[in-house]
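Observations on the three-dimensional arrangement
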Amino acid sequence: MFDDIKERLKNIITSRLTILSLLFMTFGVILVYRCFKLQIVNGEEYLNDFILQTEKIRDISSTRGNIYDRNGNLLAYNELAYSVKIEDVFESNRKKNANMNATIYKLIKMIEKNGDSVITDFKIVINEDGDFVYSVSGTSLYRFLADVYGHKTIDELEDDEKTATPTELMEFLSRAKGFAIGDYEVEGNSKTDFIPGKGYSKEDWLKMVTIRYAMNLTSYRKYIGTTVANNVSEKTVAVIMENCNELPGVTIVEDTIRRYVDSKYFAHVLGYTGKISSDELSELNAKVVEEGGTADTYTINDVVGKGGIEAYMETVLQGSKGSEKVIVDNTGKVITILEKKESKAGSDVYLTIDKDLTIAVYNIMEQKLAGLVSSKIINAKEYKPAENASSADIKIPIYDVYFAMINNNVLDVKHFSSPLAMETEQEVYTAFLEYRQEVYDNLLKELNEKNTPYKKLKKEYQVYQSNIVSLLNKNGIIMTEAVDTSDATYIAWAKDEVISMGEYLKYCISQNWIDVSKLELDDKYSDSTQIYEKLQECIISTIDKNTEFQKRFYKYMLLNDVMSGKQICMLLCEQNAVEVSLQDEENLYKNKLSAYQFMKNRIDNLDITPAQLALDPCNASVVITDVNNGNVLALVSYPGYDNNKMANSVDAKYYAKISVDKSNPQYNFATQYKAAPGSTYKMVTATAGLMEGIVNLRQKINCIGTFTSIVPSPRCWRVSGHGNENVTTAIRDSCNYFFYDLGYMLSTRSGVYNEKSGLETLSKYADLFGLTEKSGIQITEASPDVSKEDPVRSAIGQGSNSFTNVGLARYVSTIANGGTCYNLTLLDKISNSQGDILKQYEPEIRNQIELPKEYWDAMHLGMRQVVQNKTYFEGLAVDVAGKTGTAEQTKSRPSHALFVCYAPYEEPEISVTTRIPFGYSSDYAAQATRDIIKYYYGLAEEEELITGTADTPDAGISNEM
């Protein structure tokens, strides 16, 4: 019998047939397989070249639908690419981990050698200090930890698992009983301790864990490949194919990657795609079941939308998977395809936004920010405010601009110490080392000899010491939960500032507020002197590897003339960090151009953007709506980011860079940033006053400047007062006194001042304009805060009122159209790949405000007169009605600038809501809006509006709130 089977196997091999599937319907099938394996082990000649073959079914990913703007312009699409995958085909024995790890490491190096990169979508990244950190927080972090530790729910996490550091988690996964990524203390000696990560750089260790963890997630499904890299070059494909015999389980597959057009303008709206998380897996499958699909539609290897429209429309864009039945060999390579079921492409989504309008608005705002920043720069080391200066008077010292090049990573300080460092880099780095050592020596002298009370230290050393204590708190060396904040010594340090850092730290030791287990003490019974010595070593070690702390040395090197502004400029040239004209560079080096003017030129030419400076103001947002249906025509958040580098697989270096970018590019300032609305809120208060009968259109209130009915007494922005004002003129003049009085009268209808009553009334009318709820937009939006304190100040948009720009956009749209409050939307229609419309989105009315026409007319007229009083709106061919709002958050930073408007005044079509956080004055937001109106209605040539250079602010800036 066995001779016959052997002969038949010879015939299969000789004829080069690709299928080993001897379909005996008897016990003989098992005998054939076992006999065959035995003959391989025994090495019989005719079996040496035979490869075990297996039949399997694998998924075929669907093609994700495209995303278009309202005019059919492409915003997101798919591009054919090659991906590298690996399957677990390794034999289960003692050497499985070692063999698998060796293969993966070899594969990583092959991919990277050709300029490609492996996927790094683990929830741990390496920060600028070279430390492992989590890339998620809160509930998302706990869900990730629960997955790693094998728990179904977050509640099952043990305390030590919940508080595990990223390094501890890496070690847990890499331990000998886990993925065994590392080596024994004595190489190859399994009787010595296994050290996770040994033999790998931190970067390679993280890549290994990322791949192994991803493979582990699909271990229950045999022959499911894990994507190691996507969009690899043909060179990488060739190298892997040439070395396939050394790479068991590795395959090259044709795939698609997500691409975004003009990404920085639309990233906040679109989001991006990435590998599904466990939470997303359960949520999406539950959603599919609700829609009539099956519970296993999504699998752990799928790529799904991460934020924005990509996430909101995930099940529409995703499409349906196909499948194929294939024969694979024992290394996972496909030998032949038996059956194939084609996938079904996802549907295309059309948005309400206008691509060209969005790009224009973004560029206008960048130019306006650059012009505003440039206008505030002074040639000085520090800004020293006058005695009666306000936040509107704040200036930007040029030395803040110099330092910003280092502080926001425009310059690569690590390159200063590189063997390839150029002359100025070397000079600066040498000076840095000397300066740093001097600071270290002085800090230790303070801790051991001088003990200068904190308030008597120079500003520089106050900064150092406060940051040292903050780091000790953050790292858990000072156990903040143990610290008694009512203790007299704590108060003397933290509040009164009358003792030294050394005295405070010694007291922390005496009170057992120090976690000595983190100090690497030689003796666990060390006395306080030994603990203090180790604590000093820990301080120097901590600040030595903390990038943010190290940057501060450069700041004070500049202020103390250890390095110069010119050197900063030369560093920019040496590193090619920004675009510099040859003439400016030559003049700089020849001392024909000052460092001050060199930097001003860079800002004015947008060679250095407001986002790169990350000085106030560096952010802005604009929302444009169709007031007659709630469609969002543009939603702009500045700055944007490149979601191409976040899609498919996260570019780890790019993610690390934008995560520490001080301009916060990932944050959507249109939908997530909340701030006081300032005087833009006054139409809510006017509506409340009119509808509640406490004021009428003819009634006048005499503004005398200071409102004395409450104490402390708030003042109108015009200290001398406006005189008699009615509803229309009070809106026109933005008279705080008038609206203080309305807030007060709303609170005293019972005969006594009742804050709760006044606040409830204001909230009722805020709700009519949609300000108590999210706007209805389909992407992540922060919930609004309607004021719960001080109805008098709340009546002018202060108190604790806090709204997003998109929420204010719905509010002003409702005013513009005379009371129809729509839920805002980004969605226009859905079509199939052939262009057939599957769904057309219709306007959704939230509520209707029933208000007499004369009330609307009065408020509309007041808003029209606001614009008429602005000289920079003169000559505009389209009439605009609007309201300014300047909201002070802190006296140490400029106020927020806000302008809401609609146009045309006679027959409203659009609303524009513009906010510049810390933008000084609402006039700056209004001037930007004017140019946006010009662009929208074609009142100026595009080249005239978008010049690619800083746009100097117009005159006519007021101090109104």
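Above this text you will find the structure in question.
Only a predicted model underlies this, so the values are computations on that prediction, with no experimental measurement involved.

The helix and strand tally for the protein chain stands at 34 helices and 27 strands. In summary, the protein chain has a C-alpha radius of gyration of 33 Å against a globular reference of 30 Å for 961 residues, a match within 12%. Along the first, second and third principal axes, the C-alpha set of the protein chain runs to 115 × 80 × 65 Å. The burial tally for the protein chain puts 53% of its 961 residues in the buried class. Nonlocal contacts in the protein chain, meaning residues at least 24 apart in sequence, comprise 70% of its contacts between residues at least 6 apart. Surface accessibility of the protein chain: about 43,600 Å² in total, with carbon and sulfur atoms responsible for 46%.

The subject of this paragraph is helix 8 (residues 234-242). When helix 8 is considered as a whole, its buried residues turn out to be Thr 236, Val 237 and Ile 240. Take helix 8 and look down its axis: the buried residues cluster within an arc of 100 degrees, on one side only. Summarising the geometry of helix 8, the exposed residues directed more than 90 degrees from the buried face are Glu 234, Lys 235 and Glu 242. Buried-residue contacts for helix 8 involve strand 3 (74-86), helix 3 (96-113), strand 8 (226-232) and strand 9 (250-260).

Consecutive side chains of a regular strand alternate in pointing toward one face of the sheet and then the other. Counting buried residues in strand 22 (residues 827-831) gives 4 out of 5 residues, a clear majority hidden from the surface. With 4 bridges joining them, strand 14 (residues 348-351) and strand 22 adopt antiparallel strand pairing. Opposite Leu 351, over in strand 22, you have Leu 827 as the bridge partner. Across 3 bridges, strand 22 lies against strand 23 (residues 837-840) in antiparallel orientation. Residue Lys 829 lies in a different strand from strand 23, and its bridge partner there is Gln 840.

Once that is clear, we can look at the sheet that holds strand 17 (residues 620-626). Pairing is antiparallel in the open sheet, where 5 strands are placed in the order 18-17-27-26-25. Since the sheet does not close on itself, it has two edges, and those belong to strand 18 (632-638) and strand 25 (881-887), each with one partner. Taking the axes of each pair of neighbouring strands and ignoring which way they run, one obtains an average angle of 5 degrees across the sheet. With 7 bridges joining them, strand 25 and strand 26 (residues 896-903) adopt antiparallel strand pairing. Paired with Lys 883 across the bridge in strand 26 is Val 900.

Cis rather than trans, the peptide bond between Asp 616 and Pro 617 has omega equal to -10 degrees. Positionally, Pro 617 belongs in the loop between helix 24 (610-613) and strand 17. Positive phi is not limited to glycine here, since Asn 451 has a value of about 50 degrees. For Asn 451, the location among the structural elements is in the loop between helix 15 (423-450) and helix 16 (459-474).

Reading the values: rules and limits
- Throughout, residues of each chain are indexed from 1 in the direction in which the sequence is written.
- In keeping with the predicted nature of the model, local features appear solely for residues at pLDDT of at least 70, side-chain atom pairs appear and are counted solely at 80 or more, and the whole-chain, interface and lining totals rest on all residues.
- Excluding hydrogens and water, the side-chain figures rest on all heavy atoms present in the structure.
- Secondary structure counts use DSSP, requiring at least four H or I residues in a row for a helix and at least two E residues in a row for a strand, with both numbered from the N terminus.
- In this treatment the radius of gyration is a C-alpha quantity, and the globule benchmark scales as 2.2 Å times the residue count to the 0.38 power.
- Exposure classes here rest on a 1.4 Å probe applied to the protein chains alone. A residue is buried below 20% of its type maximum, exposed above 50%, and partly exposed in between.
- Whether two residues are in contact is decided by their heavy atoms: any pair within 4.5 Å suffices.
- Values of accessible area rely on a 1.4 Å probe in the Shrake-Rupley scheme; residue burial ignores everything except the protein chains shown.
- As used here, the arc belongs to the directions running from the helix axis to the C-beta atoms.
- If DSSP finds at least two bridges between two strands, the strands pair.
- Orientation is described by lines fitted to C-alpha atoms, with helices fitted over the stretch in contact, and by angles between N-to-C directions that extend from 0 to 180 degrees.

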